[in-house]
Structure formats: C-alpha cells, structure tokens
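Listed below are the residues making up each chain.
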Amino acid sequence: MAVRRVFVGPGAAGRTHQLRAWADATERRIDGRVVWVRGSFEQRELATRPRRLVEALNSITGDDALAVDDAHWLPDDIVEMILSTVDRAPTGAALASYPDRPLLRELDACLLYT
C-alpha cells in the first residue's frame, strides 16, 4: 500500500511546509519523482488549468509520488483523478477545512484513515 498523508488547517498554519517536508522524505524513499499539483497556482491561470493538471496526473508512474497543495481550490474532476491515484502512488495533500465539498471530505478520509 502507498504511503498517504493529509495536512489540514487554516491559512498560514504551515500546511505547505509540512507537505514539502513529506515530499522531501518521500522522494528519498522512491525510485521516481514527486509530481506536484497545486490548487493555488491554478487559480491564477484558469485558461490552462485542466490540461496541465490532467497531464501532470496522467504522468504518474508506479515509481512516483503525488503531492497536492491547496487541494481545496481544485475542481472536482481533478480531485476525482487524485483519488484514483491514491492506491497506486504515495500521496500527500494539504488543504484547508473551507471551502468544504463532498469530494474533499472523501480525499481527507482516504488519506487520513488508511
């Protein structure tokens, strides 16, 4: 089973810092790379968001890991793709408790309780 971790907290709580530490430690344990998906950066570039995110998520191999920063800003179709990656790659995610959506609760539970 892939290593999973979730970091939840309000803004400026250190979620991204904790995710970076997890990604650094994970990168030392895997043969591949850590693929980063960032919700906050995507908010600034709405025109290219879906294509770039889908390409990044589709590029993950069995040797890679996935780090998701600011998952609460990602659209549901991308969160669904992340959920489908969790079983095949180590996955870490940082998200705020708001905005709250069913798929974000599912991601939180998937990473926290397994």
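Heads up: the structure comes first, above all this text.
Residues numbered from 1 in each chain as written. Predicted model: local features only at pLDDT ≥ 70, side-chain atom pairs only at ≥ 80, totals over all residues. Heavy atoms only, no water.

Draft legend 1. Region of interest: the packing of helix α4 (residues 76–85) against helix α5 (residues 102–112). The geometry of α4 relative to α5 is characterised by a closest axis approach of 10 Å and an angle of 20 degrees between their N-to-C directions. Classified by the interaxial angle, the pair formed by α4 and α5 is roughly parallel. In this structure, α4 meets α5 at a crossing whose hand is left-handed. Contacts between α4 and α5 involve Asp 76, Val 79, Glu 80, Ile 82 and Leu 83 on the former and, on the latter, Leu 103, Leu 104, Glu 106, Leu 107 and Cys 110. Tallied by class, residues from the contact of α4 with α5 come to 7 nonpolar, no polar and 3 charged. (Axes fitted to C-alpha atoms, helices over the stretch in contact; angles between N-to-C directions. Helix = DSSP H or I, 4+ residues; strand = E, 2+ residues; numbered from the N terminus. Parallel < 35°, antiparallel > 145°, perpendicular 65-115°, else oblique. Left-handed = near helix turned anticlockwise from the far one by under 90°. Contact = heavy atoms within 4.5 Å. Nonpolar A, V, L, I, M, F, W, Y, C, P; charged D, E, K, R; others polar.)

Draft legend 2. Seen up close, the nonpolar core. Core analysis: the biggest nonpolar cluster contains 23 residues, and Leu 66, Leu 74, Ile 82 and Leu 107 have the highest contact counts within it. Secondary structure elements with two or more residues in this core: β2 (34–38), α3 (49–58), β3 (65–69), α4, β4 (91–95) and α5. Among the elements that take part in this core, α5 stands out by supplying 5 residues, more than any other. Aside from chain neighbours lying at most four places away, what touches Leu 66 is Trp 22, Val 35, Val 37, Leu 57, Ile 60, Ile 82, Thr 85, Pro 90, Thr 91 and Gly 92. Phe 7, Leu 19, Ala 23 and Val 34 belong to the second largest nonpolar core, which has 9 residues in total. (Core = buried A, V, L, I, M, F, W, Y, C linked by side-chain atoms within 4.5 Å. Buried < 20%, exposed > 50% of the residue type's maximum accessible area, 1.4 Å probe, protein only.)

Draft legend 3. Representation of the environment of Ile 60. Of note, Ile 60 is situated in the loop between α3 and β3. For the pair Ile 60 and Val 35, spaced 25 residues apart in sequence, the C-alpha to C-alpha distance is 7.0 Å. When near neighbours in sequence (up to four residues on either side) are disregarded, Ile 60 contacts Arg 33, Val 35, Leu 66, Thr 85, Arg 88 and Ala 89.

Draft legend 4. Just α4, in detail. Within the span of α4, buried status applies to Ile 78, Val 79, Ile 82, Leu 83 and Thr 85. Seen end-on, α4 carries its buried residues on one side only, within an arc spanning 160 degrees. (Arc of directions from axis to C-beta.)

Draft legend 5. Highlighting the sheet that holds β3. Spatially, 4 strands are ordered β1-β4-β3-β2 in an open sheet, and the strand pairing comes out parallel. Taken across any chain shown, the strands that pair with only one partner, and hence form the sheet edges, are β1 (4–8) and β2. Ignoring which end each strand starts from, the neighbouring axes of this sheet average 10 degrees apart. When β3 meets β4, the two strands line up parallel, connected through 3 bridges. Looking at the pairing, Ala 67 lines up with Gly 92 of β4. Along the sheet face, helix α1 (residues 15–29) touches β1, β2, β3 and β4 and points at about 170 degrees away from the line of β3. The strands touched by α5 are β1 and β4; relative to β1, the strand with the most contacts, the crossing angle is about 130 degrees. (Pairing = 2+ DSSP bridges.)

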